[in-house]
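One-letter residues, chain by chain:
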Amino acid sequence: TFEQWQDDALSSVLNVTLDNTNPKRSQRIHLADVAQELEAEDGVQALITPSTLERVLVARLDEERVAASGASVFEYLFASWQSVQGVIGNLEGAKGKALDPEVRQARVATMEAARVLLISYMGLALQIPDMFPQTGRSGRKVLGDILLQATEDDGKYQAVT
């Protein structure tokens, strides 16, 4: 189903899961508390969709989860944004051309929603860093390094760790 695709894609780009029984998601951060809340509210298996995306992201940015990951909030958000960009590129490129145009458009819209949310949170992480747990390098330092490392030949930004 489309909802299952959304859950798979958003789970992948955010490196989280609401379902720890799926073997392909075993290396992702399991957000059991969010899954339980969503299942209690809706009475069905919890899925990551545009309507649940912000709750999932906020839970992932919890202090304990950030500390356990070893990456700063900005590094995590930037890496997730890069993943979203990759999915959008695939959908708009040759791989996406094989899809029905309506399906492709709906998938791109899902990824666009994730991109907008991630950009908003990156802005917050830069402007109000105390809003998030502080681990690793500051968002401003990470962004400065990313901009300095940008290559002109391929236009891609690489996270510098």
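Quick caveat: nothing in here was measured; it's all calculated off a predicted structure.

## Observations concerning the packing of helix α2 (residues 32–42) against helix α3 (residues 53–60)
As a packed pair, α2 and α3 sit with axes 10 Å apart at the nearest point and diverge in direction by 150°. Between α2 and α3, the crossing angle belongs to the class labelled roughly antiparallel. Regarding α2 and α3, the two cross each other, and that crossing is right-handed. Contact residues: α2 offers V34, E37, L38 and E41, while α3 offers R55, V56 and A59. For the contact of α2 with α3, the residue count by class is 4 nonpolar, no polar and 3 charged.

## Looking at the pattern of salt bridges
What the rule picks out here adds up to 3 salt bridges. Between E37 and R55 there is a salt bridge, with its nearest N and O atoms 3.1 Å apart. Taken together, the positions of E37 in helix α2 and R55 in helix α3 put the pair 18 residues apart, joining distant regions of the chain. The class for R55 is partly exposed, based on a relative accessible area of 33%. One salt-bridge network, held together by shared partners, links E37, E41 and R55.

## Side note on the nonpolar core
Judged by nonpolar contacts, the single largest core of 38 residues is most densely connected at L14, L18, V56, L57, L61, L77 and M111. At the level of elements, α1 (2–14), α2, α3, α5 (73–92) and α7 (101–127) are the ones that each hand at least two residues to this core. If we skip the residues at most four places from it in the chain, L77 touches L57, L61, L118, Y121, M122 and A125.

Cut-offs and rules
- Position numbers for residues start from 1 in each chain and track the written sequence from start to end.
- Totals for whole chains, interfaces and linings use every residue, but because this is a predicted model, local features are given only for residues with pLDDT of at least 70 and side-chain atom pairs only at 80 or more, for both listing and counting.
- Each side-chain value is derived from all of the structure's non-hydrogen atoms; neither hydrogens nor water enter the calculation.
- For every element, the axis is a line fit to its C-alpha atoms; helices are fit only across the contacting stretch, and the angle between N-to-C directions ranges from 0 to 180 degrees.
- Where helices and strands are cited, they refer to DSSP runs of H or I of at least four residues and of E of at least two residues respectively, numbered from the N terminus.
- Orientation is classified from the angle alone, with under 35 degrees giving roughly parallel, over 145 giving roughly antiparallel, 65 to 115 giving roughly perpendicular, and any other angle giving oblique.
- Two helices crossing with the near one rotated counterclockwise from the far one by less than a right angle form a left-handed crossing, whereas a clockwise rotation gives a right-handed crossing.
- We call two residues in contact when some of their heavy atoms are within 4.5 Å.
- Lys, Arg, Asp and Glu make up the charged group, whereas Ala, Val, Leu, Ile, Met, Phe, Trp, Tyr, Cys and Pro make up the nonpolar group; the residues left over, Gly among them, are polar.
- Whenever Lys or Arg places a side-chain nitrogen within 4 Å of a carboxyl oxygen from Asp or Glu, that contact is recorded as a salt bridge.
- Three exposure classes are used, based on accessible area relative to the maximum for each residue type with a 1.4 Å probe and protein chains only: buried under 20%, partly exposed in between, and exposed over 50%.
- Only buried Ala, Val, Leu, Ile, Met, Phe, Trp, Tyr and Cys residues count toward a nonpolar core, and they belong to the same one when joined by side-chain atoms within 4.5 Å.

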